[in-house]
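Per-entry structural report
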Amino acid sequence: MKKENRVPFGVLPDGRGVEAIILREGKQTCTVLTWGGALQSLITPDRNGAPVDVLLGYGTLEDYLRQDKYLGALIGRCGNRTAEARFTLNGVEYPLYANDGPNHLHGGREGFDRKLWTVEKLTENTLTLSLVSPDGEEGYPGTLTVTVTYRLSGGCLEIDYEAVSDADTVCNLTSHAYFNLSGHASGAVENHLLRLNASRYTPVGPGLIPTGELAIVEGTPMDLRTPIRLGDGWAQDFEQLRLGGGYDHNWCVDGDVGVLRPFAWACAPDTGITLTLEATLPGVQFYAGNFLEGSPKGKGGAPYGYRGGFCLETQFYPDSIHHGNFPSPVLKAGETWRHTARFSFGTEG
């Protein structure tokens, strides 16, 4: 008997239904919600072949509605921070919603993480979701039409993004998945190992807004080109780590932008599960869950606390619209914005 891969997940206050979409391929299973396009779970085998859910997620729609951690969600129209909640494009200033002190974060008050996405295509291992963001929504110009495809294949979860606008706008889409390769309910990730393929990063000032500098990582705790134990890294006395409460920064990934290239590698020594990330955008925000405290309990009543998961958000650099030396997040009218991020899972002994 064929297993159901499309099941109800609750009803929004306005009466619209939310679904959980279950993708299967080999020994892996991935669940995506139509609310926020959120990755709710990803089950993959550990070194002994036992299934482990490596994604933080909630068991009820109500918890997704009341949380403010962007757990697993698709982020847009513009991910990360925009200073002073405004930008100028083609000589016109566009005020945005300030939802992070004086700054704009992850699309505003009701970003793409607070939207009900539409299922366009569904197979056993592939899901395509769509969303239309109207002109002026959250202050952004142009009607933006977005499709995101999740594909589970060959031990990989691949996310393909496409967007087109009828007017020049800013576009920076990403996934805010929280990983814990020891298992979503296993607590803090200090024993995880992490490598980032980046020789530079963007230092921040107050409010975690980039200063505009493209700083060399060598000789600092931001040098993750050789795998480090996370707990050893964030324990170092370094101004940038103090400002971010730990790791919560953008790294400028080495290699050619637009080409699928190595971004990151992570491993949990206890399960042996590894994660390899490849992507096409200029940077990645490595966020070590410094502000997870206060999150609702997760699946099965699991407590999600301080540093209970980490994010690898592929992106244009934060506040790029205000820094001419950063890659530009501007999407021209009629052009297609494309990005691929591939998360590959394996094991080590």
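Below is a summary of the structure that appears in this document. (Residues numbered from 1 in each chain as written. Predicted model: local features only at pLDDT ≥ 70, side-chain atom pairs only at ≥ 80, totals over all residues. Heavy atoms only, no water.)

Brief notes about the overall build of the protein chain
Worth spelling out the cut-off: The way it works is that DSSP assigns letters per residue, a run of H or I at least four long becomes a helix, a run of E at least two long becomes a strand, and they are numbered from the N terminus. Radius of gyration: C-alpha atoms only; globule rule: 2.2 Å multiplied by the number of residues to the exponent 0.38. Note on areas: Shrake-Rupley with a 1.4 Å probe; residue coverage comes only from the protein chains shown.
In terms of helices and strands, the protein chain carries three helices and 27 strands. Scaling as 2.2 N^0.38, a compact globule of 349 residues should have a C-alpha radius of gyration of about 20 Å, and the protein chain matches this with 19 Å. Expressed along its principal axes, the backbone C-alpha trace of the protein chain runs to roughly 60 × 50 × 35 Å. Accessible surface, the protein chain as shown: approximately 13,600 Å² in total, 49% of it carbon and sulfur.

Some details on the layout of surface pockets
Filter applied, for reference: For cavity detection a 1 Å grid was placed over the protein atoms alone, and a set of points counts as a cavity when a 1.4 Å probe fits there but cannot get out; an open set counts as a pocket when protein lies on both sides within 12 Å along at least five of seven lines, with lining residues being those that have an atom within 4 Å of a point. Grid points are joined across faces, edges and corners, and a volume is the space filled by probe spheres set on the points. Residue type decides the class: Asp, Glu, Lys and Arg count as charged, Ala, Val, Leu, Ile, Met, Phe, Trp, Tyr, Cys and Pro as nonpolar, and the leftover types, Gly among them, as polar.
Size it by volume and the largest pocket reaches roughly 280 Å³. What lines the largest pocket is a set of 14 residues, among which Tyr-70, Arg-81, Leu-105, Tyr-287 and Phe-291 lie closest to the centre. Looking at the lining of the largest pocket, its residues break down into five nonpolar, four polar and five charged.

A look at the pattern of salt bridges
Heads up, the condition is: Salt bridge criterion: a side-chain nitrogen from Lys or Arg within 4 Å of a carboxyl oxygen from Asp or Glu. The buried label applies to any residue whose accessible area, calculated with a 1.4 Å probe on protein chains only, is under 20% of its type's maximum; exposed applies above 50%, and partly exposed to all values in between.
If you walk through the whole model with that rule in mind, you get 17 salt bridges. A salt bridge links Glu-19 to Arg-6, with the shortest nitrogen-to-oxygen separation between them at 3.0 Å. Of the two residues, Glu-19 sits in strand E2 (residues 17-25) while Arg-6 sits in strand E1 (residues 6-11), which places them 13 residues apart along the sequence. In this structure Glu-19 comes out as partly exposed when scored by relative accessible area, which is 23%.

Digging into the sheet that holds strand E5 (residues 51-53)
Here is the rule: Strands qualify as paired when DSSP identifies two bridges or more between them. Lines fitted to the C-alpha atoms define the axes, with helices restricted to the stretch that makes contact. Angles between their N-to-C directions range from 0 to 180 degrees.
Ordered in space as E1-E2-E3-E4-E5, the five strands form an open sheet in which the pairing is antiparallel. Only two strands of the sheet have a single neighbouring strand rather than two, namely E1 and E5. Strand after strand, the sheet turns through a mean of 20 degrees between neighbouring axes, direction not considered.

Remarks on the nonpolar core
As a reminder, the rule being used: Only buried residues count toward a nonpolar core. Its members are Ala, Val, Leu, Ile, Met, Phe, Trp, Tyr and Cys residues joined through side-chain atoms within 4.5 Å.
Core analysis: the largest hydrophobic core is formed by 67 residues, its most contacted members being Tyr-150, Tyr-247, Trp-251 and Phe-286. Here this core gets five residues from one element, more than from any other, and that element is strand E13 (residues 144-153). Ranked by size, the runner-up nonpolar core spans 19 residues in total, among them Phe-9, Leu-71, Leu-292 and Ala-302.

Observations regarding the packing of aromatic side chains
Filter applied, for reference: Classification of ring pairs rests on two measures: the distance between centres of Phe, Tyr or Trp rings, Trp counted by its six-membered ring, which must be within 6.5 Å, and the angle between planes, read as stacked under 30 degrees, edge-to-face over 60 and tilted in between.
This model, assessed by the stated rule, comprises 17 aromatic pairs. Their ring planes at 90 degrees and their centres at 6.3 Å tell us that Tyr-161 and Trp-337 sit as a pair that is edge-to-face. Taken together, the residues span a long stretch of sequence, with Tyr-161 in strand E14 (residues 156-165) and Trp-337 in strand E27 (residues 336-347) at a distance of 176 residues. Taken individually, Tyr-161 and Trp-337 each receive the classification buried, so the pair is uniform in this respect.

Thoughts on the environment of Gly-76
The cut-off we apply is this: Any two residues whose heavy atoms approach within 4.5 Å at even a single point are treated as in contact.
Checked against the element boundaries, Gly-76 lands in the loop between strand E6 (74-75) and strand E7 (81-82). By relative accessible area, Gly-76 is classed as buried at 1%. With near-sequence residues (within four places) excluded, Gly-76 lies in contact with His-106, Gly-107, Gly-111, Phe-112 and Leu-173.

What about unusual backbone geometry?
Geometrically, the link from Gly-76 to Arg-77 is a cis peptide bond, its omega value of 5 degrees lying close to zero. Mapped onto the fold, Arg-77 is located in the loop between E6 and E7. Despite not being glycine, His-106 shows a phi value in the positive range, around 55 degrees. Its location among the elements puts His-106 in the loop between strand E10 (104-105) and strand E11 (118-122). The class of His-106 is buried, set by a relative accessible area of 5%. Of note in this structure, Glu-138 is not a glycine but carries a positive phi near 55 degrees.

Things to note about the pairing of strand E22 (residues 261-267)
In terms of residue burial, E22 counts as a mostly covered element, since six of its seven residues are buried. Across four bridges, strand E17 (residues 193-196) lies against E22 in antiparallel orientation. Its bridge partner being in E22, Leu-193 is matched across the sheet by Cys-267. Pairing geometry for E22 and strand E23 (residues 273-279), over six bridges, is antiparallel. Of the residues in E23, the one forming a bridge with Pro-262 is Glu-278.

Let's talk about the pairing of E23
Across the seven residues of E23, five count as buried, placing the element largely inside the fold. Across seven bridges, the pairing between E23 and E27 is antiparallel. If you follow Ala-279 over to E27, its bridge partner there is Ala-341.

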